Amino acid sequence: MSDIYESAANSLGLFSSPCLTKVELRVTCKGIPDRDALSKPDPCFVLKMQSHGQWMEVDRTEVIRSCVNPTYSKVFTLDFYFEEVQRLRLELYDVNSSHNGLKEADFLGSLECTLGQSNMSRILFISAEELTGNDDYIELSFSARKLDDKDFFSKSDPFLEIYRLNDDATMQLVYRTETVMNNLNPVWKTFKVSLNSLCSGDHERKLQCTVWDWDSNGKHDYIGEFEATFKEMRGAIDGRQVQWPCLNPKYRVKKKNYKNSGIVILNQCKIIKMHSFLDYIMGGCQIQFTVAIDFTASNGDPRNSCSLHYIHPYQPNEYLKALVAVGEICQDYDSDKMFPAFGFGAQIPPDYKVSHDFAVNFNEDNPECAGIQGVVEAYQACLPKLQLYGPTNIAPIIQKVANTASQEVHTKEAMQYFILLILTDGVITDMADTREAIVQASHLPMSVIIVGVGSADFSDMQMLDGDDGILRSLKGEPVLRDIVQFVPFRNFKHASPAALAKSVLAEVPNQVVDYYNSKGIKPKVPRQFGP
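Cut-offs used in this document
Residues numbered from 1 in each chain as written. Predicted model: local features only at pLDDT ≥ 70, side-chain atom pairs only at ≥ 80, totals over all residues. Heavy atoms only, no water. Helix = DSSP H or I, 4+ residues; strand = E, 2+ residues; numbered from the N terminus. Buried < 20%, exposed > 50% of the residue type's maximum accessible area, 1.4 Å probe, protein only. Contact = heavy atoms within 4.5 Å. Areas by Shrake-Rupley, 256 points an atom, 1.4 Å probe, with all protein chains shown as cover. Axes fitted to C-alpha atoms, helices over the stretch in contact; angles between N-to-C directions. Parallel < 35°, antiparallel > 145°, perpendicular 65-115°, else oblique. Left-handed = near helix turned anticlockwise from the far one by under 90°. Salt bridge = Lys/Arg side-chain N within 4 Å of Asp/Glu carboxyl O. Pairing = 2+ DSSP bridges.

A. Structural context of the overall build of the chain. Per the secondary structure count, the chain includes 11 helices and 25 strands. Taken across its 531 residues, the chain has 50% of its residues classed as buried. Taking as baseline every contact in the chain between residues at least 6 positions apart, the subset at least 24 positions apart corresponds to 72%. Carbon and sulfur atoms provide 49% of the accessible area of the chain, an area that totals close to 25,500 Å².

B. Here's a closer look at the packing of helix α6 (residues 318-330) against helix α7 (residues 371-382). Interhelical geometry of α6 versus α7 gives an angle of 160° and a closest axis separation of 10 Å. Judged on the interaxial angle alone, α7 and α6 are roughly antiparallel. Of the two possible hands of crossing, α6 and α7 adopt the one that is right-handed. Two secondary-structure elements touch here, α6 through Tyr319, Leu320, Leu323, Val324, Gly327 and Glu328 and α7 through Ile372, Val375, Val376, Tyr379 and Gln380.

C. How the structure looks around the environment of Lys30. With respect to the element layout, Lys30 can be found in the loop between β1 (21-29) and β2 (43-51). Given the relative accessible area of 42%, Lys30 is considered partly exposed. Taking the C-alpha atoms as reference, Lys30 lies 6.5 Å from Val68; in sequence the two are 38 residues apart.

D. The pattern of salt bridges, seen in detail. Tallied over the entire structure, the rule returns 13 salt bridges. Between Arg60 and Glu57 there is a salt bridge; the shortest N-O distance is 2.9 Å. According to the relative accessible area criterion, Arg60 is partly exposed, its value standing at 33%. With relative accessibility at 41%, the residue Glu57 sits in the partly exposed group. The residue Asp357 makes a salt bridge to Lys400 at a minimum N-O spacing of 3.8 Å.

E. Broad picture of the pairing of strand β16 (residues 286-294). Within β16, eight of the nine residues are buried, leaving the element largely enclosed by the surrounding structure. One ladder, built from eight bridges, connects β16 with strand β23 (residues 416-424); its direction is parallel. The partner of Ala292 across the bridge, within β23, is Ile422. With four bridges joining them, β16 and strand β17 (residues 338-344) adopt parallel strand pairing. For Val291, the partnering residue across the bridge sits in β17 and is Ala341.

In structure tokens form, the structure reads like this:
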């Protein structure tokens, strides 16, 4: 059974996708043995990342001479992807000053972990920290005074445009204010932009700001412009005003006594902190992963090689591939690595009545399995004891996990977020009840991932995924937020299981953040690790 688990797990690889965020890794080591009685080691760490089965060096720390408890100033910066397994290896070397780099250095040991793990040994401490700033929003309030009058029979109708200067010297429009009619001293409405949109996180990036006089024919008259940076704008954070002269370059050349074409004023600059998925994870939020497996008769007799539940000695079936692909990611965010596993649609011992939420290990008091491998083993062990039956009802298992998640709501803290993975081979038969269950679950710290196994027509299942519209219960109540992701496994049949994990888990970080932000729940302050 472990061979099948390893076969599925080892097929996971690294894929490129839009980076969620970046993390910094800092390394501290304690208790490195002395080289000999007369000398201490010169330790250096090398960070490697696994790519296509090979360990590739990412970076290395500086060498600290004669030290058994080094603290390194070197910071490793890595892109973080929740939906991928990012395997890391830290190698420790003793680099004698007479050696030629690492070629002749003494290898002292190594530690392997994933980027999602808090993997601490007795002597090695790794602390992760998110690079902050780019996800924040900025609230700006602009006004102007004594702008040039461009109209003959009335006053100018000014509006303001802010452009960001890109690295390739192109200009990108960031924001255009509304037009204030017939006013040379306009006060524009307060607006919000992301810091990333405003300046790509670079506080000293140039911003080109232009004031125009609006014309109904679209040929707006140029009033003037000024350059600014977000660093300058931050001067208005404490309620102080920041001012720039609005200049017309042509007037500066033609008019001897020209000063400006008005003054533009920033009355307020407010930074609105947007908490990220990593903020919550580092603050102690655990991902509680639950799996539910379809044991209806449409899967076929598990003893038959054509069955979707057939256990091949070397090749994992689609249920196992999907389970391992998704579970391998989620287990890094669950400290106890104990996962509830349920089945539905089978007649179970001892009385062989149909159940839609039975524990796969047949222990209703404790349905948890030790790690993803424990889930795999419980799944394989239960198959000979079941009578596959039907129908395909998933509302009961959604409600079961929702009942647990509802207890978390009362804590008003970001401590547990629940992910339910449902593996099914056919269109569900309790669609109305399932829609109602999902609508109710959308108010809870919970996401539902449904993977369709086999070759059935899953077109009716797409309605559960809110990407194409808002899911509603039969009563018309809409979901509070989109919490369901549905994919057919056959779309990934010829790809690595990592592609499946990437597809179904990519939305989870935003779902976690959306839930806690909607409740006004901030992440806890991360606890500090150290020797």
